[in-house]
Amino acid sequence: MKYGVRWFGLACLHIALSGCSGELGVEGAGQNNAPPDGAAAGEAAFAPEEPTELWFVELERAPAATSGGRARAKGLADEERALFRRAAEERGLRYALRFSFEELWNGLSVRVARGGSAALSEMPGVKAVYPVVPVELDVARAATAVDPDLAVASDMSGADLVRRDLGVTGEGIRVGVIDSGVDYHHPDLGGCFGQGCRVAFGHDFVGDDFVSGDASKPPVPDGDPDDCLGHGTHVAGIIGANGIVQGVAPDVTFGAYRVFGCRGGSRADIILKAMERAAEDGMRVVNISIGTPFQWPDYPTAAAATALVARGVVVVASIGNSGEKGLWAAGAPGVGEAVIGAASIDGTRVTRLSFTVAPGNAAIGYARAEGSPPPPLSGSAPLARTGTPASARDACDELPAGSLAGKIALVRRGGCPFHEKAARAQAAGAAGVVIYNDRGGEMNPSVASGGPISIPVVGIAQADGELLSARLDAGPLTHSWTDRAVAAQSSTAGLISGFSSHGLSAALSFKPDLAAPGGAIYSTVPVEQGSYDTLSGTSMAAPHVAGAVALLLDARPELSAPRVRDVLQNSAVPAPRGGDPSGQVLEGAHRQGAGVIRVDRAIRATTVISPGKLALGESEAGPAARTLTLENAAVHDVTYDLSHAPAACATGGDHWRPTSATAGAAAVDFGAPSVTVPARGRATVTVTIRASDALADGSLFGGYLVFTPRGGAADGPLRVPYAGFKGDYQSVPVLKPSGSSEAPWLGKLSGTRMVPQRSGATYTLASDDVPYVMVHFDHGAERVTLDVVDAATAKPWGSALSLSHVGQSSSATAATRYGWKGTTKLDGRPTVVPDGDYRIKLRALRALGDPGNEAHWDTWTSPVFTIDRP
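Residues numbered from 1 in each chain as written. Predicted model: local features only at pLDDT ≥ 70, side-chain atom pairs only at ≥ 80, totals over all residues. Heavy atoms only, no water.

Asker: Go over the sheet that holds strand E6 (residues 134-137) with me, naming the residues and quoting the values.
Answerer: Pairing within the open sheet is antiparallel, and its three strands lie in the order E11-E6-E13. In this open sheet, the two edge strands, each paired with only one partner strand, are strand E11 (266-267) and strand E13 (290-291). Of the pairings in the sheet, the one linking E6 to E11 comprises two bridges and is antiparallel in character. Across the sheet, residue Val135 finds its bridge partner in E11, namely Ser266. (Pairing = 2+ DSSP bridges. Helix = DSSP H or I, 4+ residues; strand = E, 2+ residues; numbered from the N terminus.)

Okay, structure coming up:
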């Protein structure tokens, strides 16, 4: 089981990729006299060794971008912050200010002492509190040779036609890239930084040495957004490179907003600060290839991105690479209501560097792991394996010292993170690591999170790895790096990438919004990293959409930011379902949104249908009736024939491993077979959608409403996607037991091991000797509370925790541990609970549940335990 840690008041979110400790979230501890934004310090400074937590504190008033009257909003915001400071002082709450936000999201990000955050949500003027989560890049690396024919799959989205036939290149459109920076020295990206350059705007919010979670490596902002990680340069190249690689919109002007250091990892509040700067710099489009899975649409980065759209900026964000984690995995900020959340489709060709294995010398293509140094282009070493194709945890435990000295380690995927396998092999003396997949399909290896890996790490297909393992049974093998590229037509070209996250959001909002090429995309990387490389991920799909938006705004500058998404969704072409040889069944809308972007069709379209997507919610209340508005900009009437194209469903059952089904399509009634839209006029269509009785409750269903113009109109068929939940959404439990752990349960820390406790456990509250509640969130929770009560009299001793919109756990076996330090919020004030016997009551309100309906709450009560301070 993987554990995340939350001290009551959430010290650390359970989505951490490799688990987390009670110390998570302490980067910059001891640096509180110099907050990252350069503002004055908060009301407290913390010693370097003192554990702390990072929190967003949302204040009641709307941000300036959505409330109008910025000067008035600024004055009101100042009043709110003064109230917060006074209330904190009165309650004895120590905090240090990290950032203050007013434009896109109204609130603060603060650092508080561990255990001191319980009072935050009860402070006057506070609307909600959220953990400042760690964020990662939605990417995996695949090493290749230079092959400019691969470019960025512009032919799949129609961008090549727009450039060639219409002469539209995105000139004059400012596109912000919030990422790891941009190597502006790259000739394909202009070769310089500043006014008159392609990369004309930018800021570095963190510095080279910043490492999220490392107190000794805090943010050190400066004005130079150069890229040493590589991800942002690859993203920028997809958007608008102009050289050996030609991006989607090769004449855009860039803003580069660096939020990652050279080793990766950042924080959500830094991302939000970069959004504010992009708005100040006048960006028309902002790309954010960054994600935190299983988030709600009101998480601060998602809410801020939506406010950025309200200010007139189109925001495109990756939807996430958690395809293997089942439904509901859409990430923030892509899950934001007005954001274009981008899913990924696989590209048409895959070209990769290869190694050979003697005897035989057959070439095997590989994908370089993100965070790994580039493999050499020559050199040989013995190949040695650390396990077999049956190993469930190959190289997850310490390997004998020197056992791999000078050898290339062959390691099977599974059981622990890629970084852990690579680190174990490196410690045993390996000269390189080849990780083979434990399942079919593409693999997206990354060793970027964790300590430095100094040896090359690559990933290969399952069949190649199992063949090498079998050959080692017959005798020794020699591995040789080469400069030889191997290319092949992708068997999954045009299909949704396996890594692309499933929707919907926990709020049943329609996500993702659109799909674009993101699998095996060739683009720019920093010159010192080889100038060009192939990466895969929704990180690559998002900039393809952002580049298409730039083309669309260049061709149709009258479009508002919200209208851009409608136009792109109307003109998108749904991808077929993987595994269907006929190609007649469409992939589920919860996986691809409206389908694959076709910017050429979007530019030519003279009719727009709004809304561009329909989120139907739960079907328990009966059929869903919706009204669509068609607006025709042409000088002649257009008649559309109406039809329905159902898509694959995700059937009820285990949402961690959803099954795609073609049966159970919804019934759609348009009321009329066609609609005529007058020249330069509008018309409406009312559609009623009813979930199929044959579809199991708990399933997701969806499809496409198709508007086919008579007479061969240039824009072709227009579509509006829809998706909904079959049955009663409040039947989906939150506190569902997690595997063999049977969480929730009461725990006690013994060394590094969490031990379940029966009734009668005693805690001193000294150091880590505190009661822990182990919780697995099997679905997103509308609200989570933990209260403390006297074990004998049931007298309430107040609230230890109260949170809104908590995301589900990061996997079916992940759990969060909440540690209680002995204080609560009672009658509006922080309270030290005296020694005695107590129980903890945990309550979770199911997603979109009614707080007044007890049937919508999941509850658990701990065994009796004793607090006995020394």
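Asker: Provide a residue-level description of unusual backbone geometry, including the pertinent values.
Answerer: The peptide bond linking Ala358 to Pro359 adopts the cis configuration, its omega dihedral lying at 5°. Along the chain, Pro359 turns up in the loop between strand E16 (349-358) and strand E17 (362-365). Along the chain, Ser610 connects to Pro611 via a cis peptide bond; the corresponding omega equals -5°. Structurally, Pro611 can be placed in the loop between strand E27 (607-610) and strand E28 (614-618). The backbone of Leu508 shows a phi angle near 65°, a positive value even though the residue is not glycine. Note on placement: Leu508 falls in the loop between strand E23 (477-489) and strand E24 (514-519).

Asker: Lay out the sheet that holds strand E29 (residues 624-632) with the relevant residues and their values.
Answerer: Taken together, four strands build an open sheet; the order of strands is E27-E29-E35-E33 and the sheet is antiparallel. The open sheet is flanked by E27 and strand E33 (667-669), the only strands paired with a single partner. When strand polarity is set aside, the average angle formed by the axes of neighbouring strands in this sheet is 25°. In this structure, E29 lies alongside strand E35 (residues 682-690), joined through eight bridges in antiparallel fashion. By the bridge assignment for E35, Thr627 is matched with Thr686. (Axes fitted to C-alpha atoms, helices over the stretch in contact; angles between N-to-C directions.)

Asker: Break down the pattern of salt bridges for me, with residues and values.
Answerer: Counted under the stated rule, the structure contains 31 salt bridges. Between Asp600 and Arg598 there is a salt bridge whose closest N-O contact spans 2.7 Å. Among the residues examined, Arg598 registers a relative accessible area of 23% and is labelled partly exposed. Between Asp654 and Arg657 there is a salt bridge whose closest N-O contact spans 3.3 Å. (Salt bridge = Lys/Arg side-chain N within 4 Å of Asp/Glu carboxyl O. Buried < 20%, exposed > 50% of the residue type's maximum accessible area, 1.4 Å probe, protein only.)

Asker: Hey, could you go over the packing of helix H6 (residues 268-280) against helix H7 (residues 300-310) for me, with residue numbers and the actual values?
Answerer: Look at H6 against H7: their axes get within 9 Å of each other, and the N-to-C directions meet at 10°. It follows that H6 is roughly parallel to H7 by the angle criterion. Contacts between H6 and H7 pair Ala268, Ile271, Leu272, Met275 and Ala279 from the former with Pro300, Thr301, Ala304, Ala305 and Leu308 from the latter. Its residues assigned to classes, the contact of H6 with H7 shows nine nonpolar, one polar and no charged. (Parallel < 35°, antiparallel > 145°, perpendicular 65-115°, else oblique. Contact = heavy atoms within 4.5 Å. Nonpolar A, V, L, I, M, F, W, Y, C, P; charged D, E, K, R; others polar.)

Asker: Account for helix H10 (residues 538-555), naming residues and giving values.
Answerer: Look at H10: 26 Å from first C-alpha to last across 18 residues, which is about the 26 Å you get at 1.5 Å a residue. Within H10, 16 of the 18 residues are buried, which leaves it mostly tucked inside the rest of the structure. (Expected span 1.5 Å × (residues − 1).)

Asker: Before we move on, could you go through the nonpolar core and cite the residues and values that matter?
Answerer: Ranked by size, the top nonpolar core spans 112 residues in total, and within it Ile178 and Val549 carry the most contacts. For this core, the element with the most residues is H10, which contributes 11 residues. If we skip the residues at most four places from it in the chain, Ile178 touches Tyr257, Val259, Ile271, Ala274, Met275, Val286, Asn287, Ile288, Ser289 and Ile290. (Core = buried A, V, L, I, M, F, W, Y, C linked by side-chain atoms within 4.5 Å.)

Asker: Please set out the state of the cysteines residue by residue, giving values where relevant.
Answerer: Under the counting rule described, the total for this entry stands at three disulfides. The disulfide bridge from Cys396 ends at Cys416, spanning 2.1 Å between sulfur atoms. Measuring handedness by torsion sign, the sulfur bridge of Cys396 and Cys416 sits at about -90° and is left-handed. One end of the pair, Cys396, is in the loop between strand E19 (380-385) and strand E20 (408-412); the other, Cys416, is in the loop between E20 and helix H8 (418-427), and 20 residues separate them in sequence. Residues Cys396 and Cys416 agree in their burial class; the two are buried. (Disulfide = S-S within 2.5 Å.)

Asker: Lay out the pairing of strand E10 (residues 253-258) in plain terms, naming residues and giving numbers.
Answerer: Among the six residues of E10, five are classified as buried, and the element is accordingly described as predominantly covered. Looking at chain direction, strand E8 (residues 174-179) and E10 are connected through six bridges and run parallel. In the sheet register, Ile178 faces E10, and the bridge partner there is Tyr257. Relative to E10, strand E9 (residues 199-204) runs parallel, the two being bridged by five bridges. In the strand pairing of E10, Phe201 is matched with Gly255. One crossover worth recording links E9 to the parallel E10 by way of helix H5 (residues 231-240), and it is left-handed. (Right-handed = clockwise from strand over helix to strand, strands pointing away.)

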